[in-house]
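The lines below spell out each chain.
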Amino acid sequence: MRDKITKTDAEWRETLTPEQYQVSRQGATEPPFSGKYCNEKSTGTYVCAGCGEDLFASDTKFESHSGWPSFWRPIEDGNVGELSDESHGMRRVEVLCARCDGHLGHVFEDGPEPTGLRYCINSASLDFKPSEE
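Residues numbered from 1 in each chain as written. Predicted model: local features only at pLDDT ≥ 70, side-chain atom pairs only at ≥ 80, totals over all residues. Heavy atoms only, no water.

1. A word on the pattern of salt bridges
To keep it simple, the criterion reads: The salt bridge definition used is simple: a Lys or Arg side-chain nitrogen within 4 Å of an Asp or Glu carboxyl oxygen. Secondary structure is summarised from DSSP: a helix means a run of H or I of at least four residues, a strand means a run of E of at least two, and numbering begins at the N terminus for each. Note on classification: 1.4 Å probe, protein chains only; a residue is buried when its accessible area is under 20% of the maximum for its type, exposed when over 50%, partly exposed between these limits.
Summed over the entire model, instances satisfying the criterion amount to three salt bridges. The salt bridge involving D101 is made with K4; its shortest N-O contact spans 2.9 Å. Here the residue D101 occupies a position in the loop between β6 (92-97) and β7 (103-108), and K4 occupies one in the segment before α1 (9-15), the gap between them amounting to 97 residues. Accessibility expressed as a relative area gives 40% for D101, which makes it partly exposed. Between R13 and D9 there is a salt bridge, and its shortest N-O distance comes to 3.0 Å. Of this pair, R13 and D9 both sit in helix α1, four residues apart, which is roughly one turn of the helix. In this structure D9 comes out as partly exposed when scored by relative accessible area, which is 41%.

In structure tokens, the structure reads:
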């Protein structure tokens with residue numbers, strides 16, 4: 001991971017779209033099946049929309065039928081952080097970008113092998129860098 005990124009609220013609002021700001025800085029969730037990367041099939045790397053940190057490789061993406069892009073592991077363990085989330089009357093694990101603390105989504109223990117995990121991530125918190133093949 002590169003150096004930690006911190007910005008003021010005003011700086012985040014300047015650099016992110018309103019939807020990206022709501023999701024990544026305020027912890028909102030985009031409606032299911034509405035995100036631009038939900039059905040993305042190209043080869044490449046999903047990066048943080050806030051800071052550009054590499055988060056997930058396309059070869060770990062799978063069809064979860066949940067309505068959000070889902071991955072079975074991050075590109076590097078240190079690139080994402082986890083935080084206990086007991087909001088909305090549920091116990092979940094929130095996933096954050098370790099570099100800028102942007103909200104990405106949640107991780108659940110109902111994913112495919114080899115990890116058994118499902119990183120359920122908002123498209124609004126991601127950018128996609130296609131491979132140069």
